[in-house]
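# Close look at the chain arrangement
These are the residues of each chain, in order.
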Amino acid sequence: MSDVAIDRSKMKVSDEVAIQIAGMNKWYGTFHVLRDINMTVNRGERIVICGPSGSGKSTLIRCINRLEEHQQGQIVVDGTELTNDLKNIDKVRSEVGMVFQHFNLFPHLTILENCTLAPIWVRKVPKKEAEETAMHFLRKVKIPEQANKYPGQLSGGQQQRVAIARSLCMRPRIMLFDEPTSALDPEMIKEVLDTMIELAEEGMTMLCVTHEMGFAQAVANRVIFMDQGQIVEQNEPKEFFNNPKSDRTKLFLSQILGH
Amino acid sequence: MEKHFARTEMLPPMAPPVTERGVVKWLRENLFSGWFNTILTLVGLWVIYTLVTAALPWWLNSVWTAGSLAECRDIVVATAGEGATGACWAMIRERWHQFIFGFYPAEAYWRPVLAFGLLFAALGPVLFAGQKRNLTVLLAGVAVFLLVTLVPAHAPLAAVVAAVVLLAVSLGLAQVAPGKLLWFTAVFPALCFWLLWGGSVWTPIVAMLGFAVMGGAYLALVGRLGPTSSALIGVFLALLWWLFLDVPLTGVIDGVLPWGLMSVNSDQFGGFLLAITIGVTAITFSLPIGILLALGRQSDMLIVKTLCVGFIEFIRGVPLITLLFTASLLLQYFLPPNTNFDIILRVIILVTLFAAAYLAEVIRGGLAALPRGQYEAADALGLDYWRAQRLIILPQALKISIPAIVSTFIGLFKDTTLVAFVGLMDPLKGVTQIVRADINWKGIYWEPYIFVGAIFFVICFGMSRYSMYLERKLKTDHR
């Protein structure tokens, strides 16, 4: 992956804060899944979150669009604090796109309908305009010819690219990726990662839970390592991979890169 | 064989051996695939032969024209010889109208017939949404049915002309804007009520205005208060309308413009008219109520959830007959004094609630079968609860539940015969008993039950086939 030529010219990080998390804690029942999370994401940053399974990395990004509720601390997304207020939650959700491990396309709708549903019903975009936007993004993820098929007729990689296009149709300012390639065959991983790289090149703010270390090295400007619900280490990718500070990180990297 | 082999000519395809093709293969695989299956096949053939030889003469000796059962038997003996048996369909020929209409006044038969035809015109846009060809065929079928039946049923010319115009407009709309036909579907319940029970034309119109009040209040408030509160306020205003304004307003307008049809009392209803009235109304209303109950049961809100669970478990925990007795006897006590609440209406309400409780559980199964990811994807896209339910969750959950939902509907339709126990004249017990009490037809057994059973079968089989069609049409998962 690291040999992919990547245009970093547009991948500028601004000073504007996109996501601010301060002193955040979360419990499942009595189990303390996220412990004292503090992080700031600036607009245009590409952050890769990695860590062993059960370390809370998925839970962390699911808190950012309130698919999970946090019990303590503060999460501010684009100036909107996530509280129990449903209006705020809907506002944040329509600004933040999310891509899931299992795609979660709507099987009863065509690819095009999957992409136009939220713009039409949430953003109140006229149908025709929504379809044009959808076709634009389907071309971008290189599957415009599948627009009238159903998700069940597509391969995993194609479905995941549709899922990315579906999120982009809402014109989000932030994209969350929850292990987007973990359910895919090796051949399909590349097509999805290529799409994500393209997105990064256009300056999208991205938070990405993934085990694709090549992607992290090539695209990320920060790698966050989590274990036991805590942020253990974060650094620029080069430093992170070549010169990890914590023993836990070293162990993890030796296991994941060792073979 | 030598070590090296190379084919010099390719073999042409050959037909399989005789035992592996055609009838022989089918017989061997399906009927004689082993000594045990061979015995079963022979026993089966013997049973079929015995049944047919026992029953066939009875069907072949059928008598269609006679004045009484005794006359029927004489004719059978005269034509087929001493000791022969024969069906006496003459009874059906003489009494068919009671099986269909009960004691509905004969000069008004055209009204239920018209309502029945228009029922399909109203169901069409719902049953065949987006299927222009099927919808056109259905509407044309309704038109033919009405043309053939309305005139012999002594319909006044105005009604025939109105029906023809209505269907012509519907056929036209089905070609250009099928969605508009749903407006007819929306007003059909009022039209049907008026056709069946008669009375002032203003009664159903003013009652329907209650829905206009509900919808108007909802649309006016939804921008400010959100969907749930404005829906509740809309329902409340509509209830006020029905309780306090409806009756006086109808009286006033009717005083000025006394248009109407001859009134028919509920105790004159009977036969399949009664079964279909109760069945169709209960089916129509139980589905939305069932959906709401299923959603309520899944709700995070404790009170809503408890109420729904309590309702569902209570209704499912008592036999339908108990509820019907409640409808005929007890319900009157809970209502304000002097309200004369129609017995058919009361039965419909209880049957609807009964079916809704079952449907709620069926739909809950469909909801539970959806992966969590569907809810999460809908949430992540910013869809609110009602939109997520309507656009993402329910279409999939209902699709999964179609077979079970239709089973419930079929059960419900057959259960309408239980209204016999509260004194209504259902086709199976009510009408058949009346017919068999007639001195002319005393002792007739098989014929009325076969006739009623056949009609029930046709209707239920139709529902079952429609559900299979719907499943095929909605199949998009390509598994």
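Check the entry above for the structure.
Here the structure is a predicted model, which is why all the values come from computation and not from measurement. (Residues numbered from 1 in each chain as written. Chains lettered and ligands numbered in written order. Predicted model: local features only at pLDDT ≥ 70, side-chain atom pairs only at ≥ 80, totals over all residues. Heavy atoms only, no water.)

### What about the interface of chain A and chain B?
- Taken together, the contacts link 24 residues of chain A with 20 residues of chain B.
- Summed over both partners, the interface of chain A with chain B buries about 2000 Å², with 63% contributed by carbon and sulfur atoms.
- Looking at the side of chain A facing chain B, the largest losses of area belong to Phe 106, His 108 and Trp 121 of chain A, adding up to 28% of the total buried there.
- Put simply, chain A and chain B have one salt bridge between them.
- Across the pair Arg 62 of chain A and Glu 376 of chain B runs a salt bridge whose closest N-O atoms are separated by 2.6 Å.
- Every element with two or more residues in the side of chain A that touches chain B is listed here: helix H2 (86-95), strand E6 (96-99) and helix H3 (111-121) of chain A.
- Its residues assigned to classes, the side of chain A that touches chain B comprises 13 nonpolar, six polar and five charged. (Contact = heavy atoms within 4.5 Å. Buried area = accessible area lost by both parts, 1.4 Å probe. Salt bridge = Lys/Arg side-chain N within 4 Å of Asp/Glu carboxyl O. Helix = DSSP H or I, 4+ residues; strand = E, 2+ residues; numbered from the N terminus. Nonpolar A, V, L, I, M, F, W, Y, C, P; charged D, E, K, R; others polar.)

### Brief notes about the sheet that holds strand E3 (residues 46-50) of chain A
All names here are of chain A.
- Pairing is mixed in the open sheet, where six strands are placed in the order E6-E7-E8-E3-E9-E10. A strand with exactly one partner marks an edge of an open sheet, and here the two such strands are E6 and strand E10 (230-235). For this sheet the average axis-to-axis angle between neighbouring strands, irrespective of direction, equals 20°.
- Across four bridges, E6 lies against strand E7 (residues 174-178) in parallel orientation. Across the sheet, residue Gly 97 finds its bridge partner in E7, namely Met 175.
- Helix H6 (residues 186-201) contacts E3, E7 and strand E8 (205-209) of the sheet and is inclined by roughly 150° relative to E8. (Pairing = 2+ DSSP bridges. Axes fitted to C-alpha atoms, helices over the stretch in contact; angles between N-to-C directions.)

### Some details on the state of the cysteines
- A complete count under the given rule lists one disulfide over all chains for this structure.
- Residue Cys 72 of chain B pairs covalently with Cys 88 of chain B via a disulfide, S to S 1.9 Å. Looking along the S-S bond of the Cys 72 of chain B-Cys 88 of chain B disulfide, the torsion reads about 75°, which is the right-handed sense. Taken together, the residues span a long stretch of sequence, with Cys 72 of chain B in helix H3 (residues 69-80) and Cys 88 of chain B in the loop between H3 and helix H4 (90-101) at a distance of 16 residues.
- Residue classification places Cys 72 of chain B among the buried residues on the basis of a relative accessible area of 2%.
- Not part of a disulfide, Cys 115 of chain A finds its nearest cysteine sulfur in Cys 169 of chain A, a span of 4.6 Å. (Disulfide = S-S within 2.5 Å. Buried < 20%, exposed > 50% of the residue type's maximum accessible area, 1.4 Å probe, protein only.)

### So, the packing of H4 of chain B against helix H17 (residues 427-437) of chain B
All names here are of chain B.
- Between H4 and H17, the least distance of the axes is 10 Å, while the angle of their chain directions is 130°. By the angle between their axes, H4 is oblique relative to H17. The two elements H4 and H17 cross, and the hand of that crossing is right-handed. For the pair H4 and H17, contact is made by Met 91, Arg 95, Gln 98 and Phe 99 and by Pro 427, Val 431, Thr 432, Ile 434 and Val 435, respectively.
- Within the contact of H4 with H17, the residues separate by chemical class into six nonpolar, two polar and one charged. (Parallel < 35°, antiparallel > 145°, perpendicular 65-115°, else oblique. Left-handed = near helix turned anticlockwise from the far one by under 90°.)

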